Amino acid sequence: MRKIRYLLCSLLFPALLFSQELTKDNLIDTYLEDAGLYAALYHGKGYVGYPRYYINHPCLVSPEYQLGDLKYGDVYYPEVYLKLDWFSGQVIVNTPDRIYQVLLAPERFEYATIHGYKVIYHPAGELPGNLPEGYYLHLHEGTNSVLKLEIVVLDTKVVDSAVEYKFMRSTRYYVLQNGKYNRIGGQQSLLSLFPIHKKELKRFIKQNGLSYKEDSEKLVLEVVKHYETLIQ
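Just so we're clear, the structure is a prediction, and the values are computed from it rather than from any experiment.

1. Description of the layout of surface pockets
Roughly 280 Å³ of volume is contained in the second largest pocket. Around the second largest pocket, the lining is made up of 13 residues, and of these Tyr50, Pro51, Arg52, His57 and Pro63 lie nearest the centre. In terms of residue class, the lining of the second largest pocket is built from eight nonpolar, three polar and two charged.

2. Points about helix H4 (residues 198–207)
Restricting attention to buried positions, one finds in H4 the residues Leu201, Phe204 and Ile205. Along the long axis of H4, the arc covered by the buried residues comes to 100°, so they all point the same way. Residues Lys199, Lys206 and Gln207 are exposed on H4 and point more than 90 degrees away from its buried face. Looking at the buried side of H4, the elements it contacts are helix H3 (187–191) and helix H5 (216–230).

3. Comments concerning the nonpolar core
Counting 53 residues, the largest nonpolar core has Leu41, Leu70 and Phe109 as its most contacted members. Of the residues forming this core, the biggest block, six residues, is contributed by H5. In this structure Phe109 touches Leu70, Lys71, Tyr72, Val91, Leu104, Val119, Ile120, Tyr121 and Tyr135, once residues within four positions along its chain are discounted.

4. Comments concerning the side chain of Asn94
Tracing the backbone through its elements, the reader meets Asn94 in strand S3 (residues 90–94). Within the structure, Asn94 has its side chain in polar contact with the backbone oxygen of Tyr100 (distance 2.6 Å). Apart from the residues within four sequence positions on either side, Asn94 is in contact with Tyr42, Tyr65, Tyr81, Ile99, Tyr100 and Gln101.

5. What about the pattern of salt bridges?
For the coordinates displayed, the defined rule picks out five salt bridges. Residue Lys118 pairs with Glu141 through a salt bridge whose shortest N-O separation is 3.3 Å. Highlighted residues: Lys118 in strand S6 (residues 117–122) and Glu141 in the loop between strand S7 (134–140) and strand S8 (146–159), separated in sequence by 23 residues. The salt bridge partner of Lys148 is Glu150, with a shortest N-O separation of 3.8 Å.

6. Comments concerning the environment of Thr156
Counting through the fold element by element, Thr156 comes out in strand S8. With relative accessibility at 45%, the residue Thr156 sits in the partly exposed group. In this structure the C-alpha to C-alpha distance between Thr156 and Phe167, which are eleven residues apart in sequence, comes to 8.7 Å. Aside from chain neighbours lying at most four places away, what touches Thr156 is Val163, Glu164 and Tyr165.

7. Examining the packing of aromatic side chains
Both the distance between ring centres and the angle between the ring planes are used here to describe each pair of aromatic rings. Using the criterion set out here, one finds 15 aromatic pairs in the structure. Look at Tyr38 and Tyr77: their rings are 5.3 Å apart centre to centre, the planes differ by 80°, and that puts the pair in the edge-to-face class. With Tyr38 in helix H2 (residues 24–41) and Tyr77 in strand S2 (residues 75–85), this residue pair connects regions lying 39 residues apart in the sequence. Across the pair, exposure class does not vary: Tyr38 and Tyr77 are buried alike. Ring geometry for Tyr53 versus Tyr54: centroids 5.6 Å apart, planes at 65°, classification edge-to-face. One aromatic cluster is present, built from ring pairs that chain together Tyr50, Tyr53, Tyr54, Phe87, Tyr165 and Phe167. The side chain of Lys118 reaches across the aromatic face of Tyr111, ending 6.0 Å from its centre.

8. Describing the environment of Thr229
Take Thr229: it is sitting in helix H5. In terms of polar contacts, Thr229 uses its side chain to reach the backbone carbonyl oxygen of His226, at 2.5 Å.

Reading the values: rules and limits
Residues numbered from 1 in each chain as written. Predicted model: local features only at pLDDT ≥ 70, side-chain atom pairs only at ≥ 80, totals over all residues. Heavy atoms only, no water. 1 Å grid on protein atoms, 1.4 Å probe; cavity = no way out; pocket = protein on both sides within 12 Å on 5 of 7 lines; lining within 4 Å. Points joined across faces, edges and corners; volume = space filled by probe spheres on them. Nonpolar A, V, L, I, M, F, W, Y, C, P; charged D, E, K, R; others polar. Buried < 20%, exposed > 50% of the residue type's maximum accessible area, 1.4 Å probe, protein only. Helix = DSSP H or I, 4+ residues; strand = E, 2+ residues; numbered from the N terminus. Arc of directions from axis to C-beta. Contact = heavy atoms within 4.5 Å. Core = buried A, V, L, I, M, F, W, Y, C linked by side-chain atoms within 4.5 Å. Polar contact = N/O pair within 3.5 Å; in protein donor to acceptor, adjacent residues only side chain to side chain. Salt bridge = Lys/Arg side-chain N within 4 Å of Asp/Glu carboxyl O. Phe/Tyr/Trp six-rings, centres within 6.5 Å; stacked < 30°, edge-to-face > 60°. Lys NZ or Arg CZ within 6 Å of the ring centre and 35° of its normal.

Any functional reading would require information that these geometric values do not contain.
Below is the structure:
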C-alpha cells in the first residue's frame, strides 16, 4: 500500500504544478478516492500456491505474475499484477510490493488482459451452448467467436517410493456457429461446423501447414478467420 501511495502522489503532485484550479483539498480528495479504489481491489481472500515439489504448474502460460489491465467492480485498473490458475479456477492479483496474493471475486470480475489474452468469467449457462462456468480466453471476437478453456486436474503416482504430483491439462475450444458455442474436439469437428466451405478450408489447412496436433490454437483461429472471409 505504501507503493500505491507513492505512485498516486507522484502522479498527482506534478498536476498541481501545472493547474491553478487544483486546490489542496481537491488533491487530497482525489488521492483518497484513488487509494480507496485500490484498497478495494486488494481486499479479499488470500491465495495459497502449490508446493515446490510439484512437477509443473496449473496457470495460464506461467506461474509468475504478469502486468495486465483489469476491469473489476466497475473500476478499470491499468497494469496490475495478475495470474490465472486453471486448477483452482481463480484469477489472483498481487499487491505492488509483491507480498499479498488476493483472490478476485468472479461476480465482480469483468475482464482482464493476462499474457496478452483477454480473460472473461462466464457463469454456467450464460453463453448459448450450455458451457460450464469458468474463466475463458476470448481468442477471437467476430461472426464466429472463439473461446478457450483449460481443464486442469492433479495427478499423483508413486515413482521410486516417492509420490509424484503433476498437473494434467485438457484444452477445450468453443466456436460460435448457428447461434450457439460448439465444442471443438479436433480438426474434423471444426470443419463439420462449416459444411458448405469444408473443401476450401481443408485446402487452406494443407497449404498453410496447419496441424491440430502440433498447434491446435493456431489451427482453430486461422480456420475460423479464413471462413469469415469466405462468407463476407
